[in-house]
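Okay, here's what each chain looks like letter by letter:
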Amino acid sequence: MQKRTVVFVTGNANKLREVQQICGETLNVISHSVDLPELQGEVEDISKEKCKLAVKEIERELSGTSIDGVIVEDTSLCYNALGGLPGPYIKWFLDKTGHDGLNKILAGYEDKSAYALCTLSFVKSSKDEPNVFLGKTHGKIVPARGPNSFGWDPIFLPDGFDKTYAELDKDTKNSISHRYRAFEQLLSFLQIEQTK
Ligand SMILES: O=c1nc[nH]c2c1ncn2[C@H]1C[C@H](O)[C@@H](COP(=O)(O)OP(=O)(O)OP(=O)(O)O)O1
Ligand SMILES: [Mg+2]
């Protein structure tokens, strides 16, 4: 069967690379950067709304191209000591405070545990309601270790490993990550759909 083509609406090249590595055998993932408002609220609602706006924009911009769906994905980093914050605001915390600041925020707390959360929405067309898939990986926040090539990877130590996301080789990260866990659900959803 021919691979389906999905458009991943993202401006982040690292995210795209990982998604292509995770899904590449099953899906043809192309990317398109669209500047979309990220509304505030619960992560699932933010993602669904973003996906609805994305698919409308993609249908407009890529009309004539045969595509089988649109994906958006938002990543949160949630500290248990802070009731889940910075959560979806991690991008701004990382930009403004850096890895060191992200550690210092926890200085007054014994509990350094955190989880990475990927909220993934997929929709076939603007006539459909998006499906949302959540992927979570638990770990803890540590002083930065490893290459500084992708976001907060150097400060996240996944449970069961003695290497941070940044120190792990890509295949290993992509077999345990929050992103992998969300996309794995999307892939089985699409597989079930196909056999219906
Ligand atoms: O696996 C990851 N490992 C380390 N850092 C990561 C990861 N995944 C996202 N990140 C960073 C990027 C951004 O600083 C923030 C999430 O923001 P997030 O909105 O998901 O990403 P973005 O705005 O760069 O791309 P997009 O255009 O798809 O919204 O955490
Ligand atoms: Mg974003």
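What you see is a predicted model; the values in this text were computed from it and never measured.

**Looking at a nonpolar patch on the surface**
Turning to step 1, where the next piece is worked out: A grouping of L85, Y89, W92 and F93 is seen on the molecular surface, where their side chains present a nonpolar patch of about 380 Å² in accessible area.
Turning to step 2, where the next piece is worked out: For F93, a relative accessible area of 33% corresponds to the partly exposed category.

**Some remarks on the nonpolar core**
Soluble globular proteins tend to pack their nonpolar side chains together in the buried interior.
Turning to step 1, where the next piece is worked out: C23, V29, I71, L120, F183 and L186 are the most contacted members of the largest nonpolar core, which totals 18 residues.
Turning to step 2, where the next piece is worked out: Sorting the residues of this core by element identifies β1 (4–9), α1 (13–23), β2 (27–32), β5 (113–123) and α5 (178–195) as the ones contributing at least two each.
Turning to step 3, where the next piece is worked out: Per element, the largest residue contribution to this core is five residues, and it comes from α5.
Turning to step 4, where the next piece is worked out: Contacts of C23, omitting those with residues within four sequence positions, involve V29, F183 and L187.
Turning to step 5, where the next piece is worked out: L94, L102, L106 and Y165 belong to the second-largest nonpolar core, a separate cluster that totals 15 residues.

**As for the site of ligand 1**
Turning to step 1, where the next piece is worked out: By nearness alone, 19 residues border ligand 1, and T10, K15, K91, D153 and R179 come closest of all.
Turning to step 2, where the next piece is worked out: Note that an oxygen atom of ligand 1 is positioned 3.0 Å from one of the side-chain N or O atoms of W152.
Turning to step 3, where the next piece is worked out: One of the side-chain nitrogen or oxygen atoms of R179 is found 2.8 Å away from a nitrogen atom of ligand 1.
Turning to step 4, where the next piece is worked out: Coverage of ligand 1 by the protein chains reaches 91% of its 590 Å² of free accessible surface.
Turning to step 5, where the next piece is worked out: For the shell around ligand 1, the secondary structure elements donating two or more residues are β3 (69–79), α3 (90–104) and α5.
Turning to step 6, where the next piece is worked out: Partitioned by chemical class, the residues of the shell around ligand 1 number four nonpolar, six polar and nine charged.

What counts as what
- Residues numbered from 1 in each chain as written.
- Chains lettered and ligands numbered in written order.
- Predicted model: local features only at pLDDT ≥ 70, side-chain atom pairs only at ≥ 80, totals over all residues.
- Heavy atoms only, no water.
- Patch = residues over 30% accessible without salt bridge, like charges linked within 9 Å, V, L, I, M, F, W, Y side chains within 5 Å.
- Areas by Shrake-Rupley, 256 points an atom, 1.4 Å probe, with all protein chains shown as cover.
- Salt bridge = Lys/Arg side-chain N within 4 Å of Asp/Glu carboxyl O.
- Buried < 20%, exposed > 50% of the residue type's maximum accessible area, 1.4 Å probe, protein only.
- Core = buried A, V, L, I, M, F, W, Y, C linked by side-chain atoms within 4.5 Å.
- Helix = DSSP H or I, 4+ residues; strand = E, 2+ residues; numbered from the N terminus.
- Contact = heavy atoms within 4.5 Å.
- Near = heavy atom within 4 Å.
- Polar contact = N/O pair within 3.5 Å; in protein donor to acceptor, adjacent residues only side chain to side chain.
- Nonpolar A, V, L, I, M, F, W, Y, C, P; charged D, E, K, R; others polar.

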